Amino acid sequence: VQLQASGGGLVQAGGSLRLSCAPSGRTFSGYVMGWFRQAPGKEREFVARINGPGGVTDYADFVKGRFTISRDNAKNTVYLQMNSLKPEDTAVYYCAVTRRWSSVPNEYEYWGQGTQVTVSS
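Summary of the structure given here. This structure is a prediction, so every number in the text was calculated from the model and none was measured.

Brief notes about the side chain of R49
Thought 1: Note that R49 resides in strand β5 (residues 45-50).
Thought 2: When its relative accessible area of 10% is taken as the criterion, R49 is described as buried.
Thought 3: At a separation of 3.0 Å, a polar atom in the side chain of R49 contacts the main-chain carbonyl oxygen of W101.
Thought 4: Discounting residues that sit within four places of it in the chain, R49 has contacts with V32, M33, G34, V56, T57, D58, I69, W101, S102, S103 and Y108.

Re the pairing of strand β11 (residues 115-120)
Thought 1: Residues T115, V117 and V119 line the buried face of β11, whereas the alternating positions Q116, T118 and S120 sit on a face that is not buried.
Thought 2: In terms of strand pairing, strand β2 (residues 9-12) meets β11 through four bridges, oriented parallel. The residue of β11 that forms the bridge with G9 is V117.
Thought 3: Sheet analysis places strand β9 (residues 91-98) next to β11, joined by three bridges and oriented antiparallel. Paired with Y93 across the strands is T115, a residue of β11.

Considerations on the packing of aromatic side chains
The geometry of an aromatic ring pair is captured by two quantities: the separation of the ring centres and the angle between the planes.
Thought 1: On inspection of all chains with the given rule, the structure shows seven aromatic pairs.
Thought 2: Ring centres of F36 and W111 lie 5.0 Å apart, and the angle between their planes is 50°; on these two criteria the pair is classed as tilted. Taken together, the positions of F36 in strand β4 (residues 32-38) and W111 in strand β10 (residues 110-111) put the pair 75 residues apart, joining distant regions of the chain.
Thought 3: Residue F36 is classed as buried on the basis of its relative accessible area of 0%.
Thought 4: When its relative accessible area of 26% is taken as the criterion, W111 is described as partly exposed.

What about the sheet that holds strand β8 (residues 77-82)?
Thought 1: Pairing is antiparallel in the open sheet, where four strands are placed in the order β1-β3-β8-β7. Every interior strand has two partners, whereas the edge strands, β1 (2-6) and β7 (67-72), have only one. For this sheet, the mean angle separating the axes of adjacent strands, direction not counted, is 15°.
Thought 2: Looking at chain direction, strand β3 (residues 17-24) and β8 are connected through five bridges and run antiparallel. In the strand pairing of β8, L19 is matched with L80.

Describing the pattern of salt bridges
Pairs may arise between side chains of opposite charge once their charged atoms sit close together.
Thought 1: Across all of its chains, the model carries seven salt bridges by this definition.
Thought 2: Of the charged contacts, one joins R66 and D89 as a salt bridge, the two residues approaching to 2.7 Å between their closest N and O atoms. Of this pair, R66 sits in the loop between β6 (57-59) and β7 while D89 is found in the loop between β8 and β9, placing the two residues 23 residues apart along the sequence. Here R66 matches D89 in class, with each residue buried.
Thought 3: The salt bridge involving E107 is made with R100; its shortest N-O contact spans 3.4 Å.
Thought 4: The network of salt bridges with common partners includes R37, E45, R66 and D89.

The rules we used
Residues numbered from 1 in each chain as written. Predicted model: local features only at pLDDT ≥ 70, side-chain atom pairs only at ≥ 80, totals over all residues. Heavy atoms only, no water. Helix = DSSP H or I, 4+ residues; strand = E, 2+ residues; numbered from the N terminus. Buried < 20%, exposed > 50% of the residue type's maximum accessible area, 1.4 Å probe, protein only. Polar contact = N/O pair within 3.5 Å; in protein donor to acceptor, adjacent residues only side chain to side chain. Contact = heavy atoms within 4.5 Å. Pairing = 2+ DSSP bridges. Phe/Tyr/Trp six-rings, centres within 6.5 Å; stacked < 30°, edge-to-face > 60°. Axes fitted to C-alpha atoms, helices over the stretch in contact; angles between N-to-C directions. Salt bridge = Lys/Arg side-chain N within 4 Å of Asp/Glu carboxyl O.

Next comes the structure, spelled out in structure tokens:
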């Protein structure tokens, strides 16, 4: 199973990016999918999660009102729309899959390779 994350890049503060994550090898429509990020020298931290059907979402406080997680189970893809980006959002962003409604990285079973997001001031 591989999770291919894409959509990262360099953007100015206040700009937007949309990340995508498309698992290959199997369907995860019944699983919770999450986004995490890790900045240099820091631990990996929870950003957002979405339940299997896509009707329930949860966000870290520092992205509430700016980021939106969504999924298209027909395309087996999860998205992270990031608006009003700040320099402190700079990190490698990872998508991951779990069977639990969790925000703890260790409880996620499959991980993507990460995509770099850099926000310049």
